[in-house]
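Architecture at a glance
What follows is the residue order along each chain.
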Amino acid sequence: MTEEWIIYCGSALVCGLIFFLYIWRYRRKSQATIQKIEIAKQEGTYEPVSLHPYIDIDNCIGSGACISACPEKDILGFVNGRAALINASKCVGHGACFHACPVEAISLRIGTESRGVELPHVNQNFETNVKGIYIAGELGGMGLIKNSVEQGKQAMDNIVKDMDKSVATDFDVVIIGAGPAGISAALQAHKLGIKAITLEQDTIGGTVSNFPRAKIVMTSPMELPIKGKVKLFETKKSVLIDLWNEVIKDNNIDIKENTKVKHIKSAASGSYSVETENGQSFHAKKVLIAIGRRGTPRKLGVPGEGLEKVYYKLIEAESINEQKVLVVGGGDSAIETAMMLAGQNKVTLSYRADKFARLKPKNLERINAAIANKELEVWFNTNVKEIQEKVVFLTDEKDDILRLENDLAYIFAGGELPIPFLQSAGIEIAKRFGYTVKSHG
């Protein structure tokens, strides 16, 4: 055997080994992702419920840039050398995958080919079919925080261009919602010298304020009116909320929190009267709606739900001690709330189904351990019938009445889309399937 032949055989062996390792790793990655997809389907997190990545398999080159760029775990994975969705319902729309893909094989969509989403009619100037009422941000199909901020600014620019200042009103613009788009619009109005007021049903940040405190919500810089370019990378919710509060305070932006809008009614000379649930009325030339798609908390519609002891989100869990607490719901928010309160309170969790579904694996593991250790009680197949000051009545699968002594009740029954609210103002709604969200880069 010649020396050249030995070198040739050695090189072939090395190449073969490299190829074998590549194929082995390739198949292992695919198999791991396929297993995760099966788990996601069982847990109900595979199907997207809002904004999510859409992968063009024909264009995907398998670079993995989208997977590396995503700050969330197991939203994307590899199957047969191509990107694949795993837990699509857990995507919160950072957009990092879209920007990272070198061949633009990923787009961001709302709705799927089989599951449509209801979106309001909005033209290129962000105006609805009702002249003088505009929509920007998540409600109009723009789920990305960065792009919602840009839309809020652009919408206000268009509002100002079309404003008839001869019409006498208390305000030039009423902005409904203090999320990313609403805050941006309010800042731009201030910058342009427009008299505006912002009404927020909850707290500053809107939907973002309900994310976990450590949740990463921004992965790229954004341009914020007045503040200018803000360099944000791997930014947590708490940092973003602090930034918004700072710029709002520094510029004396008028935002009324805990003020839910009930109606938008036409007034004289094409102006509008914006009426709130607490009886206030705001007269303005234009209205900008910048609320989220998740809507308001869904209520149970039972007697006593209006009592002061009933809440729809948990604030300052550490201040609640030695109370008899009822938590209603079987989703992650309900489970996390029950677990946070269980250590220092007597907690009962009521869920209408016979088992938990669509839970994050860690939450499922924690709640099962808590049940086994008798840290709290879980009443499956139960529904709240009536809430009183010191007791709650529930029904079980046999319609028997169950009595529970109670001091506080937390209800997590999901959210209601604001479709009726929009339609009452005359705004047209259309169902769209696989609607592609346009990004501002």
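Below is a summary of the structure that appears in this document. Only a predicted model underlies this, so the values are computations on that prediction, with no experimental measurement involved.

What counts, and at which threshold
Residues numbered from 1 in each chain as written. Predicted model: local features only at pLDDT ≥ 70, side-chain atom pairs only at ≥ 80, totals over all residues. Heavy atoms only, no water. Helix = DSSP H or I, 4+ residues; strand = E, 2+ residues; numbered from the N terminus. Buried < 20%, exposed > 50% of the residue type's maximum accessible area, 1.4 Å probe, protein only. Contact = heavy atoms within 4.5 Å. Areas by Shrake-Rupley, 256 points an atom, 1.4 Å probe, with all protein chains shown as cover. Axes fitted to C-alpha atoms, helices over the stretch in contact; angles between N-to-C directions. Parallel < 35°, antiparallel > 145°, perpendicular 65-115°, else oblique. Left-handed = near helix turned anticlockwise from the far one by under 90°. Nonpolar A, V, L, I, M, F, W, Y, C, P; charged D, E, K, R; others polar. Pairing = 2+ DSSP bridges. Salt bridge = Lys/Arg side-chain N within 4 Å of Asp/Glu carboxyl O. Phe/Tyr/Trp six-rings, centres within 6.5 Å; stacked < 30°, edge-to-face > 60°. Lys NZ or Arg CZ within 6 Å of the ring centre and 35° of its normal. Core = buried A, V, L, I, M, F, W, Y, C linked by side-chain atoms within 4.5 Å.

1. Looking at the overall build of the chain
Assigned secondary structure in the chain consists of nine helices and 28 strands. Taken over 441 residues, the chain has a buried fraction of 49%. Restricting to contacts in the chain with at least 6 residues of sequence separation, those with at least 24 account for 66%. Surface accessibility of the chain: about 22,700 Å² in total, with carbon and sulfur atoms responsible for 50%.

2. Quick notes on the packing of helix α7 (residues 332–342) against helix α8 (residues 361–372)
Taken N-terminus to C-terminus, the directions of α7 and α8 make an angle of 45°; their axes are 10 Å apart at the nearest point. As the angle between them shows, α7 and α8 are arranged oblique. Regarding α7 and α8, the two cross each other, and that crossing is left-handed. Of the residues in α8, those touching α7 at Asp332, Ile335, Glu336 and Met339 are Asn363, Arg366, Ile367 and Ala370. Of the residues that constitute the contact of α7 with α8, the class distribution is four nonpolar, one polar and three charged.

3. Some details on the pairing of strand β3 (residues 82–85)
Summarising the sheet, strand β2 (residues 76–79) and β3 pair through four bridges and their orientation is antiparallel. Considered in β3, the bridge of valine 79 is made with arginine 82. As consecutive antiparallel partners, β2 and β3 are separated by two residues, and within that stretch asparagine 80 has a phi angle of approximately 55°, a positive value.

4. Observations concerning the sheet that holds strand β21 (residues 377–380)
The sheet built from five strands is open, its strands ordered β18-β25-β19-β20-β21 with parallel pairing. The sheet is open, and its two edges are formed by β18 (310–311) and β21, each paired on a single side. Pairing analysis gives four bridges linking strand β20 (residues 346–351) to β21, with the strands arranged parallel. Each residue of the ladder has a partner; that of leucine 349, found in β21, is valine 378. Contacts from α7 reach β19 (324–328), β20 and β25 (408–411) within the one sheet, and its direction differs from that of β20 by about 165°.

5. As for the pattern of salt bridges
Counted by the stated rule, this structure contains 10 salt bridges. Put simply, lysine 286 and aspartate 162 hold a salt bridge, and the shortest N to O gap is 3.1 Å. Taken together, the residues lysine 286 in strand β16 (residues 281–289) and aspartate 162 in the loop between α4 (145–161) and β7 (171–176) connect sequence positions 124 residues apart. You can call aspartate 162 partly exposed: its relative accessible area is 34%.

6. Topic: unusual backbone geometry
Of note, the phi angle at phenylalanine 126 is positive, near 75°, even though the residue is not glycine. Examined against the element boundaries, phenylalanine 126 turns out to sit in the loop between β5 (117–120) and β6 (133–135). With relative accessibility at 9%, the residue phenylalanine 126 sits in the buried group. The phi dihedral of asparagine 381 falls on the positive side, at around 55°, and the residue is not glycine. Tracing the sequence through the fold places asparagine 381 in the loop between β21 and β22 (383–387). Judged by its relative accessible area of 25%, asparagine 381 falls in the partly exposed class.

7. Quick word on α7
Burial analysis of α7 places eight of its 11 residues in the buried class, the great majority of the element. Within the span of α7, buried status applies to Asp332, Ala334, Ile335, Thr337, Ala338, Met339, Leu341 and Ala342. Those residues of α7 hidden inside the fold are in contact with β19, β20, α8 and β25.

8. Re the side chain of glutamate 200
For glutamate 200, the location among the structural elements is in the loop between β8 (196–199) and β9 (216–218). Each residue touching glutamate 200, except ones within four places of it in the same chain, is listed here: Gly177, Ala178, Gly179, Gly206, Lys256, Glu257, Asn258 and Thr259.

9. Some remarks on the packing of α4 against helix α5 (residues 180–191)
For the pair α4 and α5, interaxial distance at closest approach is 7 Å and the crossing angle is 40°. It follows from the interaxial angle that α4 and α5 lie oblique. Crossing of α4 against α5: the hand is right-handed. Within the contact between the two elements, α4 uses Ile145, Ser148, Val149, Gly152, Lys153, Met156 and Asp157 and α5 uses Pro180, Ala181, Ser184, Ala185, Gln188 and Ala189. Considering only residue class, the contact of α4 with α5 consists of seven nonpolar, four polar and two charged.

10. A few points about the packing of aromatic side chains
A full pass over the atoms with the stated rule returns four aromatic pairs. Each ring, one from tyrosine 311 and one from tyrosine 410, has its centre 5.4 Å from the other, and the planes form 25°; the classification is stacked. You can see tyrosine 311 sitting in strand β18 and its partner tyrosine 410 sitting in strand β25, a full 99 residues away along the chain. For tyrosine 311, a relative accessible area of 37% gives the class partly exposed. Seen from the ring of tyrosine 54, arginine 109 lies directly overhead, with NZ or CZ sitting 3.6 Å from the centre.

11. A short note on the nonpolar core
Among the nonpolar cores identified, the biggest contains 35 residues, and Met156, Val173, Ile175, Leu224, Trp244 and Leu288 are the most heavily contacted of them. Of all elements in the fold, only α4, β7, α5, β10 (222–224) and α6 (237–250) reach the threshold of two or more residues within this core. Once you skip the residues sitting within four places of it in the chain, tryptophan 244 turns out to touch Ile145, Pro180, Ile183, Ile204, Gly205, Val208, Met222 and Leu224.

12. A few points about the sheet that holds β22
The strand order β22-β23-β24 describes an open sheet built from three strands, whose pairing is antiparallel. Whereas interior strands pair on both sides, the edge strands pair on one side only; in this sheet they are β22 and β24 (401–405). Between one strand and the next, the sheet's axes are offset by a mean angle of 30°, whatever the strand orientation. Looking at chain direction, strand β23 (residues 391–395) and β24 are connected through five bridges and run antiparallel. The residue of β24 that forms the bridge with valine 391 is glutamate 405.

Function cannot be read off these values alone, since they describe shape.
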